[in-house]
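Fold and geometry: a report
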4 protein chains.
Amino acid sequence: MSIDDDEIVQRISASFEKQGLMRTIGATLGSVRPGQVEIILTPHAGVSQQYGFVHGGALGTIADSAVGFSAMSLMPSDRGVLTTECNMNFLAPAEGDRIIARGKVVKTGRTLTFCQCELFAKRDDQEQLIALFTATLIAVDGRDGISD
Amino acid sequence: MSIDDDEIVQRISASFEKQGLMRTIGATLGSVRPGQVEIILTPHAGVSQQYGFVHGGALGTIADSAVGFSAMSLMPSDRGVLTTECNMNFLAPAEGDRIIARGKVVKTGRTLTFCQCELFAKRDDQEQLIALFTATLIAVDGRDGISD
Amino acid sequence: MSIDDDEIVQRISASFEKQGLMRTIGATLGSVRPGQVEIILTPHAGVSQQYGFVHGGALGTIADSAVGFSAMSLMPSDRGVLTTECNMNFLAPAEGDRIIARGKVVKTGRTLTFCQCELFAKRDDQEQLIALFTATLIAVDGRDGISD
Amino acid sequence: MSIDDDEIVQRISASFEKQGLMRTIGATLGSVRPGQVEIILTPHAGVSQQYGFVHGGALGTIADSAVGFSAMSLMPSDRGVLTTECNMNFLAPAEGDRIIARGKVVKTGRTLTFCQCELFAKRDDQEQLIALFTATLIAVDGRDGISD
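Residues numbered from 1 in each chain as written. Chains lettered and ligands numbered in written order. Predicted model: local features only at pLDDT ≥ 70, side-chain atom pairs only at ≥ 80, totals over all residues.

1. Remarks on the relation of the copies chain C and chain D
- The operation relating chain C to chain D is a screw motion whose rotation component is 180°, with 0.0 Å of axial translation and a residual RMSD of 0.0 Å. Considering both components of the superposition, the chain copies are consistent with a two-fold axis. Taking the C-alpha atom as reference, chain C places C:N87 closest to the rotation axis, 2.1 Å from it. (Least-squares fit on C-alpha atoms with pLDDT ≥ 70 in both.)

Shown next, in the form of structure tokens:
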């Protein structure tokens, strides 16, 4: 890992710590590379919906953070990002040993960054694709008190 | 309120109690009417993203539950619903005294139910529209152990 | 109608004429008001899909133009708009005497404008909601040769 | 190519011919394989929006057909498909020698099929990703007079 990558990991880790919702639901930061960030969630009763599966909102939460940090990892440290829209398709019930949200940047523009996130349920070392998430993020520069 | 409406409120309340994620993030059930259900979230550090606003994932979570219960409220008690896809547009940063997700059923079909949810931030008795959410839900009948 | 509204109608009409695809599919401009524009399509074999209904792509086309002109109607004449993302839910097969796409601006921001469009099928003076469309548009200022 | 594949190509080609909108905008069928279908559009003034780029609606049209035929290619011949929802993100203005929509099936279920489509602009043998499209399709069996 280069020094630059190391700086990125430190920035993303510090920003992750500020997201109270990550701690509340028990999500952790996985692999961090430029333009690609993973968030991991171990299913537990506190993130369930009424049938016992992981709530779609918990999936959307880790996907949103995964793409937000993916976008942030490609930006100078004085710029932040906000999600302007997202879309999610649920392909299979969310259950297993752990849920992994793999975010990545697909396209960066002057103002907008377009990202995708695939969500997998891992059980006995088998991964199953359970949801697909896309999002558009807008860069914000030190306005409204926003920084990493 | 008719007896039928009363039964609906009881069913939705019981199902809400089974959603561990609602308790985890501190959301509560608001108004429940046939085809229209509200979920309320009082912002706190445990549902924040890195800039201190309410995390988009928390908004998506209460919106998803609001439309799920809206759809469930129009179904016989032996049928359940699962969200198959959703879309969310964020119009303003989420902050205020409380966040209200107002779900409603727009169209019911044999298999699919289409719903919308408007999210408002309330501050000093003023409400501001902060996000719009749409979702498609699929009815599931007593299969895979699914019931309310 | 005020003079300002008259100018808006002229701008939108002129821009509509430049959209070759509107003429190709036979769509016409309906009501034009600030922030609200209608596009009308009379179903014919040239806009059908394989079962004889109006093709979803034709619905998306008139919805996209309806929201684009709705956004443009609230902007100074040297700014244009481009759609960055859209989402569409199909609620009923598209058939009838005419299809009406009613676009409106929901939220305007510094850079982004969020719009919705409802699509109705009209038959024997009855209107049925057949699709719902949402879109985010980005303002572009005289860059890349873009103007109305 | 196996005999089965040959039957698929014939079914898809016959269904493509019934889509009046494909002929109207000048789209043609590209590669057809089980679960993957391409539609091609050569830009011309009749599919333009007001700035001269290909209209987003034309992109949505070929994407919708590409995923519809992708889904149809995996089904028995007495089943048809209808799109229930789609989402599209526009990454770059659509211009070039030709536009290619590459649809594919991501997940098939009992009732719903989830598909993606990538759209490329080709110029001087270089391809650029210009849009991403996702859609959910519902299977319909010989009801309401629907067949290929």
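2. Here we look at the interface of chain A and chain B
- Between chain A and chain B, the contact holds 33 residues from the first and 33 residues from the second.
- Looking at the side of chain A that touches chain B, the elements with two or more residues in it are α1 (3–18), α2 (20–25), α3 (56–72) and β3 (79–90) of chain A.
- Counting residues per element, the side of chain A that touches chain B draws most heavily on β3(A), at nine residues.
- Of the residues contributing to the side of chain A that touches chain B, the split by class is ten nonpolar, 19 polar and four charged.
- Both β3(A) and strand β3 (residues 79–90) of chain B contribute to a ladder of five bridges, which runs antiparallel. Each bridged residue has a counterpart across the sheet, and for A:M88 the counterpart in β3(B) is B:C86. (Contact = placed C-beta atoms within 7 Å. Helix = DSSP H or I, 4+ residues; strand = E, 2+ residues; numbered from the N terminus. Nonpolar A, V, L, I, M, F, W, Y, C, P; charged D, E, K, R; others polar. Pairing = 2+ DSSP bridges.)

3. Let's talk about the packing of α3(A) against helix α3 (residues 56–72) of chain B
- Axis separation between α3(A) and α3(B) bottoms out at 8 Å; the angle between their running directions is 155°. Classified by the angle between their axes, α3(A) and α3(B) sit roughly antiparallel to one another. In this structure, α3(A) crosses over α3(B), and the sense of that crossing is right-handed. Across from A:G56, A:G57, A:A58, A:G60, A:T61, A:D64 and A:S65 in α3(A), the residues of α3(B) making contact are B:G56, B:G57, B:A58, B:G60, B:T61, B:D64 and B:S65.
- For the contact of α3(A) with α3(B), a count of residues per class yields two nonpolar, ten polar and two charged. (Axes fitted to C-alpha atoms, helices over the stretch in contact; angles between N-to-C directions. Parallel < 35°, antiparallel > 145°, perpendicular 65-115°, else oblique. Left-handed = near helix turned anticlockwise from the far one by under 90°.)

4. A closer look at helix α3 (residues 56–72) of chain C
- Here α3(C) spans 24 Å end to end across 17 residues, near enough to the 24 Å set by a 1.5 Å rise per residue.
- Counting buried residues in α3(C) gives 17 out of 17 residues, a clear majority hidden from the surface. (Expected span 1.5 Å × (residues − 1). Buried ≥ 20, exposed ≤ 12 C-beta atoms within 10 Å, placed from the backbone.)

5. So, the sheet that holds β3(B)
- In spatial order, the strands read β1(A)-β2(A)-β4(A)-β5(A)-β6(A)-β3(A)-β3(B)-β6(B)-β5(B)-β4(B)-β2(B)-β1(B); together these twelve strands make up an open sheet with antiparallel pairing. Of all strands in the sheet, those with a lone pairing partner are β1 (27–33) of chain A together with β1 (27–33) of chain B, marking the two edges. Going across the sheet, the axis of each strand differs from the next one's by a mean of 25°, ignoring polarity.
- Pairing analysis gives six bridges linking strand β2 (residues 36–41) of chain A to strand β4 (residues 98–108) of chain A, with the strands arranged antiparallel. Bridge pairing links A:V37 to A:G103 in β4(A).
- Running at roughly 40° to strand β4 (residues 98–108) of chain B, α3(B) makes contact with β3 of chain A together with β1, β2 (36–41), β3, β4, β5 (112–123) and β6 (126–141) of chain B of the sheet.

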